[in-house]
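# Breakdown of the fold
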Amino acid sequence: MLLIEDPSPGLRLIGFDRAQKRNAIGVELTLAFEKVLLETRYRDDIKVLVIYGVGGHFSSGMDMKDFFDSSTRSPELLKTARAATEHWRCHLLRKMPQTIISAVEGYCLGGALPILQCSDVVVAHEQARFGMPEINFGFVPGAQIVKAVGLMTNSRALSYLALTGRLIDSQRALQWGMVTEVVHDAPLQKALELAKGRISL
Amino acid sequence: MSEPVARANVEPKSLVQVKLDKGLMTIRLGHVNNGYLWTLELMDNFCDLIQAVSQNSDVRVLVIESSGVDFCKGLLTSDFPRTSTNRDPNVRTTLDRFEQCCHRDLALLPQPVIAKVQGLCHFAGVQLLEGCDIVFAAEDAQFIVQGQELLLMSSDWEQKSHKSQRLAGDQPKTYVTRIENTYDTSEAQRLGLVTFSFLPEVLSQEVETLAISFCEKDALALQFTKETVAHVPSMTWDASVNFTAAKFAELKSRQAGETSTRATAVASFLAGKTKPGKGA
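What comes next concerns the included structure. (Residues numbered from 1 in each chain as written. Chains lettered and ligands numbered in written order. Predicted model: local features only at pLDDT ≥ 70, side-chain atom pairs only at ≥ 80, totals over all residues. Heavy atoms only, no water.)

For the rest of this paragraph, the subject is the overall build of chain B. Within chain B one finds eleven helices and nine strands. Counting over 280 residues, chain B shows a buried share of 49%. A separation of at least 24 residues holds for 72% of the contacts in chain B among residues at least 6 apart in sequence. Of the accessible surface of chain B, which amounts to about 13500 Å², a share of 50% is contributed by carbon and sulfur atoms. (Helix = DSSP H or I, 4+ residues; strand = E, 2+ residues; numbered from the N terminus. Buried < 20%, exposed > 50% of the residue type's maximum accessible area, 1.4 Å probe, protein only. Contact = heavy atoms within 4.5 Å. Areas by Shrake-Rupley, 256 points an atom, 1.4 Å probe, with all protein chains shown as cover.)

Structure below.
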């Protein structure tokens, strides 16, 4: 579910590794993400976290099959997974002492957007796509996602994303304050360069 | 269909013209007889219409546009004499009502509201745009903020409660009266007044495409999404979690065709089947 690497002193890479589901955040992934953040938070030797997606997409958001009506998971497990999700996206990510750099390519949708809001730097590939597609399925975007997007953008952008369900490209995400830099090449490479520069300070 | 909407539909010379087609309500403001300037009657008619629309489930989306070439060419001076310093009760009552309509009623409508802006947009129009969910504007549109008009339209400027105050900066009244700023569409986008800009020749098509897409979405989910967008940004993180839980449960229940527990209980009480504190 997660690919965790510590390739050099001070740096930790966290990769969403569920490529067959476009890195949708399911039960196991959200539990693993909370766990690694909890463990990393008190590691003084880790200065920078780089978060990315394996397989061409950052994350397509929450896994609807796991968390919504058709879920076959037990109520107890779902309750635990929901609590973990609220923990990392409402509190834990915001308290991390490390610099957080997100490298985005492909889809970055719905439940993945609070990760961008908690990042100090967001590097996005020029072909990346951002959005809140919940309304297209007759759902309402989670309030935590709405709040996070509202903290990154203005109310016009928030209304457009939430009500239309349309996706925007990286340049628009840059204009709307969701992205720091748009790159032509692999965003992970750029993120690693930035991370190494930060660690050497 | 509620009365004000029906009346407007059969009155093509009205200052507020309305067309409803397959859930898409188009509202056209202004009339050639007034040189397309906005009047007290226009503002009152608009407020009446918005109140009626909020109860009308036939309306799935609103598009607000001008019947002239300019979205808002300005105010009719005979209706809004600058020398009155706005103490005329008739003027003040309508302006306060219009302000409430723009800042509150439009935002709380269950339907999405799209504004289509072209040509000039004076401050009365800017105030209306603040209550719209999505603003599509022509690339050559111009937004004009003139100090005296701004103070005329904003009854409690000193309370610093207006979204539009960002257009004038945090300035005292004495300074604001001297303001005469014109913003182009790209600056209006940067300020968060406009969502997207388009070439003038494709603006209508873009608005129509978006409006039709809203008609195809789940109306209840759209209403709840609007409420979420309106209320959540000012909540704490923990409150937003509770809000989500409540909204998801209500949405699931109502999409399944069930009424709320409260509504069922009230209906039961009114039918004489339940007594307070005694249950069924």
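The subject of this paragraph is the pairing of strand β1 (residues 16–21) of chain B. Residue and element names in this part refer to chain B. Both β1 and strand β2 (residues 24–29) contribute to a ladder of six bridges, which runs antiparallel. Directly across from Asp-21, in β2, lies its bridge partner Leu-24. Between β1 and β2, which follow one another and run antiparallel, lie two residues, and Lys-22 among them has a positive phi close to 50°. (Pairing = 2+ DSSP bridges.)

Tallied over the entire structure, the rule returns 19 salt bridges over all chains. Residues Asp44(B) and Arg97(B) are paired through a salt bridge, measuring 3.2 Å at the closest nitrogen-oxygen approach. Remark: Arg97(B) occurs in helix α3 (residues 89–108) and Asp44(B) occurs in helix α2 (residues 40–53); sequence separation between them is 53 residues. Here the residues in one salt-bridge network are Asp6(A), Arg12(A), Glu39(A), Arg43(A) and Asp45(A), joined through shared partners. (Salt bridge = Lys/Arg side-chain N within 4 Å of Asp/Glu carboxyl O.)

Facing the 39 residues of chain B at the interface are 31 residues of chain A. In this structure, the connection of chain B to chain A is made through zero salt bridges. At the junction of chain B with chain A, the criterion picks out twelve residue pairs in polar contact (both at pLDDT 80 or more). Secondary-structure elements contributing two or more residues to the side of chain B that touches chain A are α4 (123–130), β6 (134–138), α8 (200–215), α9 (219–231) and α10 (237–255) of chain B. Residue contributions to the side of chain B that touches chain A peak at ten residues, all from α10(B). Residues that form the side of chain B that touches chain A fall into these classes: 22 nonpolar, ten polar and seven charged. (Polar contact = N/O pair within 3.5 Å; in protein donor to acceptor, adjacent residues only side chain to side chain. Nonpolar A, V, L, I, M, F, W, Y, C, P; charged D, E, K, R; others polar.)

Bringing unusual backbone geometry into the picture now. For residues that are not glycine, phi is negative in most cases, and the peptide bond is trans in most cases. Of note in the backbone geometry, Asn23(A) takes a positive phi value of approximately 60° without being a glycine. Within the element layout of this structure, Asn23(A) appears in the loop between β2 (11–16) and α1 (27–41). Phi is positive for Lys22(B), which is not a glycine, with a value near 50°. Secondary-structure assignment places Lys22(B) in the loop between β1 and β2.

With 75 residues, the main nonpolar core has Phe33(A), Leu37(A) and Phe130(A) as its most contacted residues. Residue-level mapping places this core at the junction of two domains, with at least three residues from each of domain 1 (3–215) and domain 2 (219–270) of chain B. Apart from the residues within four sequence positions on either side, Leu37(A) is in contact with Ile14(A), Leu49(A), Trp88(A), Leu92(A), Leu93(A) and Met96(A). In terms of nonpolar packing, the next biggest core, distinct from the first, is built from 52 residues, Phe46(B), Val117(B), Leu152(B) and Ala188(B) among them. (Core = buried A, V, L, I, M, F, W, Y, C linked by side-chain atoms within 4.5 Å. Domains from an automatic or database assignment.)

Moving on: the packing of helix α3 (residues 75–95) of chain A against α10(B). In the contact formed by α3(A) and α10(B), the axes pass within 10 Å of each other and the chain directions differ by 170°. Judged by the inter-axis angle, α3(A) sits roughly antiparallel to α10(B). Facing α3(A), whose interface residues are Glu86(A), Cys90(A), His91(A) and Arg94(A), α10(B) presents Trp237(B), Asp238(B) and Val241(B). Grouping the amino acids of the contact of α3(A) with α10(B) by side-chain chemistry returns three nonpolar, one polar and three charged. (Axes fitted to C-alpha atoms, helices over the stretch in contact; angles between N-to-C directions. Parallel < 35°, antiparallel > 145°, perpendicular 65-115°, else oblique.)

Residue and element names in this part refer to chain B. The element strand β3 (residues 61–66) is extensively covered by neighbouring structure, given that six of its six residues are classed as buried. Every second residue of β3 is oriented toward a common face, with Val-61, Val-63 and Glu-65 on one face and Leu-62, Ile-64 and Ser-66 on the other, all of them buried. Two strands pair when backbone bridges link them, and β2 and β3 are joined in this way by six bridges, in the parallel orientation. Looking across to β3, one finds that Thr-26 is bridged to Val-63. Handedness of the crossover joining β2 and β3 through α2: right-handed. As judged from the three bridges shared by β3 and strand β4 (residues 113–117), these two strands associate in the parallel manner. Its bridge partner lying in β4, Ile-64 is registered against Ala-115. (Right-handed = clockwise from strand over helix to strand, strands pointing away.)

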